[in-house]
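One letter stands for each residue in the lines below.
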Amino acid sequence: SNSSDQDCVRPGEHVHPDRALVVGDGAFAMAMATAMARRGSDVRILSHTAAVRDEINAGENKTYLPGYEVHANIEAHTSIEDACSPDVQIVLLVIPTQFLRRFLVTNLA
């Protein structure tokens, strides 16, 4: 057997992260956050506006995903420092491509 087969993680064989960060607050970001939260992860959302952050923390992302209750394991932030604590084990970038460069330049400087 070659080493690439030994290093391969198959579906269902990985450990779910205790804490995750989802960068983005739109419908797809919420879907990813919800999927991880349902599997037991503590998920932080990095929202681009205080208004959407507050909606998420109040229990419904009315702007981008109206009609769906936010999972109890999801908490939204607008500060990358607050959202990305040292114990975050996985980060998902779920923001529109046209905003990716600006996000990276702003937050990696």
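Coordinates for the structure precede this section.
Below: a short report on this structure. Predicted model, so just to flag it, every value in this text is computed and none were measured. (Residues numbered from 1 in each chain as written. Predicted model: local features only at pLDDT ≥ 70, side-chain atom pairs only at ≥ 80, totals over all residues. Heavy atoms only, no water.)

Brief notes about the sheet that holds strand S4 (residues 90-93)
For clarity, the threshold we go by: By definition, two strands form a pair when at least two bridges between them are found by DSSP. Counting from the N terminus, the helices are DSSP H or I runs at least four residues long and the strands are E runs at least two residues long. Under this scheme, a helix contributes an axis fitted over its contacting stretch, all axes are lines through C-alpha atoms, and angles between N-to-C directions fall in the 0 to 180 degree range. The contact criterion used is simple: two residues touch if any of their non-hydrogen atoms lie within 4.5 Å.
The strand order across the open sheet built from 4 strands is S3-S2-S1-S4, with neighbouring strands paired in parallel fashion. Of all the strands in the sheet, just strand S3 (74-77) and S4 have a single pairing partner and so form its edges. Between one strand axis and the next, the sheet turns through 20 degrees on average, direction left out of account. In the packing of helix H2 (residues 27-38) onto the sheet, the strands contacted are strand S1 (19-23), strand S2 (42-46), S3 and S4, and the crossing angle to S2 comes to about 165 degrees.

So, the pairing of S2
The line we're drawing: The classification of residues rests on relative accessible area computed with a 1.4 Å probe and restricted to protein chains. Under 20% of the type maximum is buried, over 50% is exposed, and intermediate values are partly exposed. Seen with its strands pointing away from the viewer, a crossover is right-handed if its path from the first strand over the helix to the second goes clockwise.
Counted residue by residue, S2 has 4 buried out of 5 residues, so it is predominantly covered. As judged from the 5 bridges shared by S1 and S2, these two strands associate in the parallel manner. When the bridges of S2 are listed, Ala20 appears paired with Val43. You can see the chain leave S1, run along H2 and come back into S2, and the turn it takes is right-handed.

Looking at the nonpolar core
Condition: Definition of nonpolar core: a set of buried residues of the types Ala, Val, Leu, Ile, Met, Phe, Trp, Tyr and Cys, connected through side-chain atoms within 4.5 Å.
Val22, Ala33, Val43, Ile45, Ile56 and Ile74 are the most contacted members of the largest nonpolar core, which totals 15 residues. When residues of this core are traced back to their parent elements, those giving at least two are S1, H2, S2, helix H3 (50-58) and S3. Leave out the neighbours within four places in its chain, and Ile56 touches Asp25, Met30, Ile45, Asn61, Val70, Ile74 and Ala76. If you look at the next biggest cluster of nonpolar residues, it comprises 6 residues, including Leu21, Val23, Ala83 and Val88.

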